[in-house]
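Read off the chains here:
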Amino acid sequence: MDALTDDQHGHPTYLALEARDRSLVRAILMAALRYRGDLEAMIDGFVSRPLPAGAHSLRAILHVAGAQILLLDIPAHSAVDLAVECANRDPRNRKFAALVNAVTRRMVKEKDNLLSAIESQPNNAPDWFHAQLSAIYGDVEANEIARLHRYPAPLDITLKNPSDPVAGDLLDVAEGLRIGDRTVRLTGKIDVTALPGFPEGQWWVQDFAASLPAKLFGDLNGKRVLDLCAAPGGKTAQMLAMGAQVTALEKSASRARRLRENLERIGFAERCRVVVGDLFTFEPEVAFDAVLLDAPCSSTGTVRRHPDVPWTKTAADIAKLADLQARMLARAADFVAPSGQLVFSNCSLMPEEGEQVAADFIVAHGDRFSLEPVVAGELSLDGLGITDAMVGAAGMVRTTPAHQAHENVALAGMDGFFAASFRKR
């Protein structure tokens, strides 16, 4: 969905809309995706015969109408009329226009009962996804993760300077709180570019969980660091702020360009060497004191931001990505200097992409590397210690959206993330 609704490179029809209409389109799509399972079940219950298997555009019309009628502050008659008009405009769906009219009007009539049914059902994800979360984390935590997936994620900001008074300015313009020394969490409809300190480069956007892997390095002042798969640059900026000399490797030229732009805004571009290249063919002249591999993954830890993820990924995709991560981690190990440190991370909730990849790495490379277990409470992360809930039995870091509880759900949780630290012998 992000590719279609990107304000620079999105779909031409989307880009032709005015800013206000773009915001409405995104709101409708996000609501339809966050509640896709509920809407799917509701629609199937409203029709006497199953919709044709290939009627994807018809289902999309009904899903979008349902999101507008049930979940957004949009006049019901407008949503009904628009859905019927869309059906009539498409030759494939014209014969279903009466069905669309009947179903959407029933949504309007039974809105209160439908919303009550939705609220009583904690899970909205595909069966395969929720079954895996329940098997991994247990029913209670899996249901809490599913509940939080229905809400937009808060906006986490990492301060370039933890003592910068801009933190107070940010909290003055939006509801929020401080998490540790460097993170300011905000909620609500926010134009990031209009926030205090944006043009001056005093901070960058980075979920708190995404800031944990780089912190596992400890003191980076003066050390040579290699950041693999570096774009969009949150972790790169973080390590530069920690005093490191960073080489940022990025395979995609367009993503590398975005990385440079982000570093320029916060005044770090001159201190970082950005290299466009493939990890598997990269040949640095010397090894590095620290190497960070934040590997491509299923992104199942970011569903609050990207609610299409459970519907576009499968268990087979996770297995393929885990294999890629294992090969990338083995290659990343070649860049580490003697006694140097290697941190492997990703934003997946699945141990197959995290704990299992790390365990297999130790089995295969235990003659060169040892795991450096993280101990809860011992590692201070900008004034906030890693809690017992964030550390597994093997000493690897694991966060889920159910961590960081708060009475205001808009300020609760964090991305699902995994990180493990290894030391070269």
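Reading guide: rules and limits
- Residues numbered from 1 in each chain as written.
- Predicted model: local features only at pLDDT ≥ 70, side-chain atom pairs only at ≥ 80, totals over all residues.
- Heavy atoms only, no water.
- Helix = DSSP H or I, 4+ residues; strand = E, 2+ residues; numbered from the N terminus.
- Rg over C-alpha atoms; globule rule 2.2 N^0.38 Å.
- Contact = heavy atoms within 4.5 Å.
- Lys, Arg positive; Asp, Glu negative; His and termini not counted.
- Charge placed at Lys NZ, Arg CZ, Asp CG, Glu CD.
- Phe/Tyr/Trp six-rings, centres within 6.5 Å; stacked < 30°, edge-to-face > 60°.
- Lys NZ or Arg CZ within 6 Å of the ring centre and 35° of its normal.
- Pairing = 2+ DSSP bridges.
- Right-handed = clockwise from strand over helix to strand, strands pointing away.
- Expected span 1.5 Å × (residues − 1).
- Buried < 20%, exposed > 50% of the residue type's maximum accessible area, 1.4 Å probe, protein only.
- Polar contact = N/O pair within 3.5 Å; in protein donor to acceptor, adjacent residues only side chain to side chain.
- Axes fitted to C-alpha atoms, helices over the stretch in contact; angles between N-to-C directions.
- Disulfide = S-S within 2.5 Å.
- Salt bridge = Lys/Arg side-chain N within 4 Å of Asp/Glu carboxyl O.

1. Some points on the overall build of the protein chain
Line of reasoning, step 1. When helices and strands are tallied, the protein chain shows 16 helices and 14 strands.
Line of reasoning, step 2. Taken against the 2.2 N^0.38 rule, which gives 22 Å for 425 residues, the C-alpha radius of gyration of the protein chain at 23 Å falls within 12% of a compact globule.
Line of reasoning, step 3. For the protein chain, the spread of C-alpha atoms along the principal axes amounts to about 70 × 45 × 40 Å.
Line of reasoning, step 4. Within the protein chain, contacts between residues separated by at least 24 positions form 69% of all contacts whose residues are at least 6 apart in sequence.
Line of reasoning, step 5. Across the protein chain, the mean location of the 45 positive side-chain charges is 5 Å away from that of the 54 negative side-chain charges.

2. Re the packing of aromatic side chains
Line of reasoning, step 1. Applying the stated rule across the entire model yields seven aromatic pairs.
Line of reasoning, step 2. In this structure an aromatic cluster arises from ring pairing among Phe361, Phe369 and Phe422.
Line of reasoning, step 3. Of note, Lys160 hangs over the ring of Phe268, and the distance from its end group to the ring centre comes to 4.8 Å.
Line of reasoning, step 4. Here Arg224 stacks its cationic end above the ring of Phe288, 4.4 Å away from the centre of that ring.

3. Re the pairing of strand β7 (residues 272–276)
Line of reasoning, step 1. Where strand β6 (residues 245–250) meets β7, five bridges bridge the pair, whose relative direction is parallel. Within β7, the residue paired with Thr247 across the bridge is Arg273.
Line of reasoning, step 2. Since β6 and β7 lie parallel, the crossover through helix α13 (residues 253–265) that links them has a hand, and here it is right-handed.

4. Comments concerning helix α4 (residues 56–71)
Line of reasoning, step 1. Spanning 16 residues, α4 covers 21 Å between terminal C-alpha atoms, matching the ideal 22 Å at 1.5 Å per step.
Line of reasoning, step 2. For α4, the complete set of buried residues consists of Leu58, Arg59, Ile61, Leu62, His63, Ala65, Gly66, Ala67, Gln68, Ile69 and Leu70.
Line of reasoning, step 3. Close packing links the buried residues of α4 with α2 (19–34), α3 (36–46), α5 (76–89), α6 (97–109) and α7 (111–120).

5. Section: the side chain of Gln341
Line of reasoning, step 1. Residue placement: Gln341 occurs in strand β9 (residues 336–346).
Line of reasoning, step 2. Taking relative accessible area as the criterion, Gln341 reaches 4% and is therefore assigned buried.
Line of reasoning, step 3. Reaching out from Gln341, the side chain makes a polar contact with the side chain of Ser421 at a distance of 2.7 Å.
Line of reasoning, step 4. Setting aside chain neighbours within four positions, we find Gln341 in contact with Leu216, Phe217, Asp289, Ala290, Val291, Val336, Glu372, Ser421, Phe422 and Arg423.

6. Considering the sheet that holds strand β1 (residues 155–159)
Line of reasoning, step 1. The four strands are arranged β2-β3-β1-β4 in an open sheet whose pairing can be described as antiparallel. This sheet does not close on itself; its edge strands, each paired only once, are β2 (176–179) and β4 (203–205). Across the sheet, the axes of successive neighbouring strands diverge by a mean angle of 25°, strand direction being ignored.
Line of reasoning, step 2. The sheet contact formed by β2 and strand β3 (residues 183–186) spans four bridges and is antiparallel. When the sheet's bridge partners are listed, Ile179 is paired in β3 with Thr183.

7. Remarks on the state of the cysteines
Line of reasoning, step 1. Tallying each qualifying case throughout the model produces zero disulfides.
Line of reasoning, step 2. Sulfur of Cys272: no disulfide; nearest cysteine sulfur belongs to Cys229 and is 14 Å away.
Line of reasoning, step 3. Unpaired in this structure, Cys297 has its nearest cysteine sulfur neighbour in Cys347, at a distance of 3.5 Å.
Line of reasoning, step 4. Since its relative accessible area comes to 11%, Cys297 is described here as buried.

8. A look at the pattern of salt bridges
Line of reasoning, step 1. Enumeration over the complete set of coordinates arrives at 19 salt bridges.
Line of reasoning, step 2. For the salt bridge of Arg327 with Asp323, the shortest nitrogen-to-oxygen distance reads 3.4 Å. Pair noted here: Arg327 and Asp323 are both in helix α15 (residues 315–332), with a separation of four residues, about one helical turn.
Line of reasoning, step 3. Note on Arg327: relative accessible area 42%, which makes it partly exposed.
Line of reasoning, step 4. Notably, a salt bridge pairs Glu372 with Arg423, separated by 2.9 Å at the nearest N-O pair. Placement of Glu372 in the loop between β10 (369–371) and β11 (380–381) and of Arg423 in strand β14 (residues 417–424) is noted, with a sequence separation of 51 residues between them.
Line of reasoning, step 5. Judged by relative accessible area, which is 26%, Arg423 ranks as partly exposed.
Line of reasoning, step 6. Through salt bridges that share partners, Glu283, Arg331, Asp334 and Arg368 make up one connected network.

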